Structure formats: C-alpha cells, structure tokens
Amino acid sequence: MKVLLAENAGYCFGVKRAVELAIKTAQDNDNKVYTLGPLIHNNSAVDMLKEKNVFSVDDINNVEGNNIIIRSHGVGKDIYDYCSEKKINLNDATCPFVKKIQKIAYEMYNKGYNIIIIGDKSHPEVQGINGWCDNKAIIGKNLEEFYLIDFNKIEKYAVVVQTTMPQDTFFAVKEYLISLGLTLEFYNTICFATKERQQAVLDLSKKVDAMLIVGGKHSSNTKKLAEIAKKNCDTFLIETAKDIDLEKIKTYDIIGVGAGASTPDFIINEVMDLINEL
Ligand code: SF4
C-alpha cells in the first residue's frame, strides 16, 4: 500500500507560531500560562497543550499569574490597554497577517474613514479587528448582508477582509460597493493558508483510491476538506490514528492524507506511520 501526504497539510504559519510561543512561555515561567480563548479547535492538541501547562480562559479576569497569550486570531485594543494598566505580560501570538489588518483598521479609522470588515461578526478575528476602530466597523459576511446596509456617500470607507474569507466573496462585495459610488479604499487581506490546504486535498484526491482527512470533527475547515475530497474518492474524516478503520483501509492501494490548519504534525505523523506499516 502507498500513502501520500497532501502538499499543504496541518498547522499554518500563524497557528504554529502561536503554539510554539505558548509552550515556550509556559516553559520559561515554569508555571501554568493562559491563552485568551482556545489556541486551536482540536481536542488532541488541547490535551497536548494542557500537558505542557498551557490552558485557555475566555475571560481575562480568570487568568492566574502574570502571563497571558494572545492567540493567532488577535484581540482588540482594550485587551492591550488592560494588560498595560494591570502590568500583565502580554505574549502576543497574533498572526502577522491579522496584525496587518488591525493596523489598517486603526490607522484608517484615525484618518476619518469608516471601517468595513467583510467577515463573520461572530468570529474572534473579526471582533478583534473591530476592537481597533472603537467597535464601530460595518461588518457583513456576504452580499446579502451588505444589501441591507445603508451607506452614506458623504463618508469615506476603508474595506478589509477576514483572512479566511473566500476570494469570490471579497470581489463580489467590492463590485457592489463600487457600484454605490462611495469613496472607498480596498485592502485584500485574505490569507492563502486555508485555500492552499483545500487545493492540496483536491489535487491529491484525484490521484488516490481513498482519502483520510485528519482534524477535529467539529472544525468547519476539516469538514470542508472532507467535502472536497469526497467528490473524487472514498473519504474518511478522523480525529486521530485510533479512528482509522484498518480493515477497510487495507482494501485500497493508494491512500491520501490531508489535514486542516489546526491539525498538529504529531497526529498527522501517527496516521502516516500507521498506514505505512499496513
Ligand atoms: S490562517 Fe493565515 S491568517 Fe490565520 S493564523 Fe493561519 S497564517 Fe495566520
């Protein structure tokens, strides 16, 4: 049996950086450290982090000790101000791609622009960006939501986009906003990590008999990868190597393995090793 790994699989640059910073901070302090919100939506990774003294809290008031880790999604300015006031060490793992959006929002807002975020208002990255323009951003995740918003032609607008949004959505909203005759500055701030993982699964799924998609069963990114693979071959969504139906897998000649941006390398490696031994 042959097993092939998708060209892009597992942690993206921003998540890898955040995990490494959290573990290093816990080691340097030889104590528990807390991330504001979970670093990753993957049960095995969460367990691994707990073993390394990295825990998650949803409310900054629940942090014990003097260290807080900001995850790759980033946070609003109020958290930086709070930590500075309370003399809490803020270990910033905001992904540089997200940081760039926050900077645009902050600078353009202070230049008198209204900030438009093309993104999901319930997503922490979007909430964090909004926190750099006094939580006054106009937010919509698709054309339908933008159709419902009243814009003012006298105002100026700076448009940014959540890093994981599809390019098609950005261009559709851009075209619509331009058609309204508004004064606009556009910043295409989409990151390609998600798209690259999807493309890699699409390509590999055409060359194999079956695909194993490794990731959290509740992760929307992982589910999307499985949907893509399913169009071309038999596809199995697994969280860890333990979920593999070995008898079934043995019936295929070539197996492909894909994983989303929140799947740790150690889980992907366990899956690869197990299949290689069959
Ligand atoms: S998906 Fe892109 S923007 Fe988000 S953490 Fe990963 S590298 Fe950064």
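Residues numbered from 1 in each chain as written. Predicted model: local features only at pLDDT ≥ 70, side-chain atom pairs only at ≥ 80, totals over all residues. Heavy atoms only, no water.

The name an unreviewed UniProt entry gives the protein is 4-hydroxy-3-methylbut-2-enyl diphosphate reductase, with Acetoanaerobium sticklandii as the organism. You can read under Sequence similarities (unreviewed entry) in the UniProt record for the protein the words "Belongs to the IspH family." For the record of the protein, the UniProt heading Function (unreviewed entry) holds the text "Catalyzes the conversion of 1-hydroxy-2-methyl-2-(E)-butenyl 4-diphosphate (HMBPP) into a mixture of isopentenyl diphosphate (IPP) and dimethylallyl diphosphate (DMAPP). Acts in the terminal step of the DOXP/MEP pathway for isoprenoid precursor biosynthesis." (UniProt positions renumbered as here; feature names shortened; annotations may be inferred.)

In the Ramachandran plot, Asn53 falls in the positive-phi region, its phi being about 75° despite a non-glycine side chain. Looking at Asn53, the relative accessible area reads 27%, which means it is partly exposed. (Buried < 20%, exposed > 50% of the residue type's maximum accessible area, 1.4 Å probe, protein only.)

Once that is clear, we can look at the sheet that holds strand E10 (residues 210–214). In sheet architecture, strand pairing relies on hydrogen bonds along the backbone and comes in two forms, parallel and antiparallel. Spatially, E1-E12-E10-E11 is the arrangement adopted by the 4 strands of the open sheet, whose pairing is parallel. Each edge of the open sheet is held by one strand with a lone partner, namely strand E1 (2–5) and strand E11 (234–238). Across the sheet, the mean angle from the axis of one strand to that of its neighbour is 25°, orientation sign disregarded. Where E10 and E11 come together, 5 bridges link them in parallel fashion. (Pairing = 2+ DSSP bridges. Helix = DSSP H or I, 4+ residues; strand = E, 2+ residues; numbered from the N terminus. Axes fitted to C-alpha atoms, helices over the stretch in contact; angles between N-to-C directions.)

Moving on, we come to the domain arrangement of the protein. Taken domain by domain, the protein comprises domain 1 (2–10 + 193–277), domain 2 (13–94) and domain 3 (97–186). With centres defined by C-alpha atoms, the gap from domain 2 to domain 3 works out at 27 Å. Of the residues lining the interface, 11 residues belong to domain 2; the matching set on domain 3 comes to 11 residues. Between domain 2 and domain 3, a total of about 820 Å² is buried, with carbon and sulfur atoms accounting for 62% of that surface. Sorting the residues of domain 2 by area buried against domain 3 places His73, Lys77 and Thr94 first, and these three jointly supply 54% of that buried surface. Inspection of the domain 2/domain 3 interface yields 1 salt bridge. Here Asp92 ties to Lys99 by a salt bridge, and the two come within 2.8 Å at their closest N and O atoms. (Domains from an automatic or database assignment. Contact = heavy atoms within 4.5 Å. Buried area = accessible area lost by both parts, 1.4 Å probe. Salt bridge = Lys/Arg side-chain N within 4 Å of Asp/Glu carboxyl O.)

Time to look at the site of the ligand. Every residue near the ligand is listed here: Cys12, Gly14, Ser72, Cys95, Phe97, Thr163, Cys191 and Ala193. Judged by its atoms lying within 2 Å of the grid points, the ligand is housed in the largest pocket. Here the shell around the ligand is built from residues that sort into 5 nonpolar, 3 polar and no charged. (Near = heavy atom within 4 Å. 1 Å grid on protein atoms, 1.4 Å probe; cavity = no way out; pocket = protein on both sides within 12 Å on 5 of 7 lines; lining within 4 Å. Sits in = over half its atoms within 2 Å of the grid points. Nonpolar A, V, L, I, M, F, W, Y, C, P; charged D, E, K, R; others polar.)

Attention now goes to the nonpolar core. Burial of nonpolar side chains together is a common tendency in soluble globular proteins. Counting 30 residues, the largest nonpolar core has Met211, Leu212, Ile244, Ile255, Val257, Val271 and Ile275 as its most contacted members. The residues contacting Val257, other than those within four sequence positions of it, are Val3, Leu4, Leu5, Ala6, Leu204, Met211, Leu212, Val214, Ile268, Val271 and Met272. Formed by 27 residues, the second largest nonpolar core is a distinct cluster that contains Ile60, Ile70, Ile79 and Ile104. (Core = buried A, V, L, I, M, F, W, Y, C linked by side-chain atoms within 4.5 Å.)

We now examine the UniProt feature "active site" (unreviewed entry) in the protein. When the UniProt feature table is mapped onto this chain, "active site" (unreviewed entry) is found at Glu125. Structurally, Glu125 is set in helix H5 (residues 124–130). Judged by relative accessible area, Glu125 falls into the buried class, the value being 2%.

Where burial is concerned, most of E10 is hidden: 5 out of the 5 residues are buried. Of the two faces of E10, the one holding Ala210, Leu212 and Val214 and the one holding Met211 and Ile213 are both buried throughout. Chirality of the crossover, the property in question, places the unit of E10, helix H9 (residues 220–230) and E11 among those that are right-handed. Sheet topology note: the E10/strand E12 (residues 254–259) ladder contains 5 bridges and is parallel. In the strand pairing of E12, Val214 is matched with Ala259. (Right-handed = clockwise from strand over helix to strand, strands pointing away.)

Further remarks concern the environment of Glu144. Secondary-structure assignment places Glu144 in helix H6 (residues 143–147). Expressed as a C-alpha distance, the spacing of Glu144 and Leu212, which sit 68 residues apart in the sequence, is 35 Å.

On the surface, a cluster of nonpolar side chains totalling about 220 Å² of accessible area is made up of Met1, Leu246 and Leu278. The residue Leu246 is located in helix H10 (residues 246–249) in this model. Leu246 gets classed as partly exposed once you look at its relative accessible area, which sits at 31%. (Patch = residues over 30% accessible without salt bridge, like charges linked within 9 Å, V, L, I, M, F, W, Y side chains within 5 Å. Areas by Shrake-Rupley, 256 points an atom, 1.4 Å probe, with all protein chains shown as cover.)

Relative to strand E5 (residues 89–92), strand E4 (residues 67–70) runs parallel, the two sharing 4 bridges. Directly across from Ile68, in E5, lies its bridge partner Leu90. For the handedness criterion, the β-α-β arrangement of E4, helix H3 (residues 77–86) and E5 is classed as right-handed.

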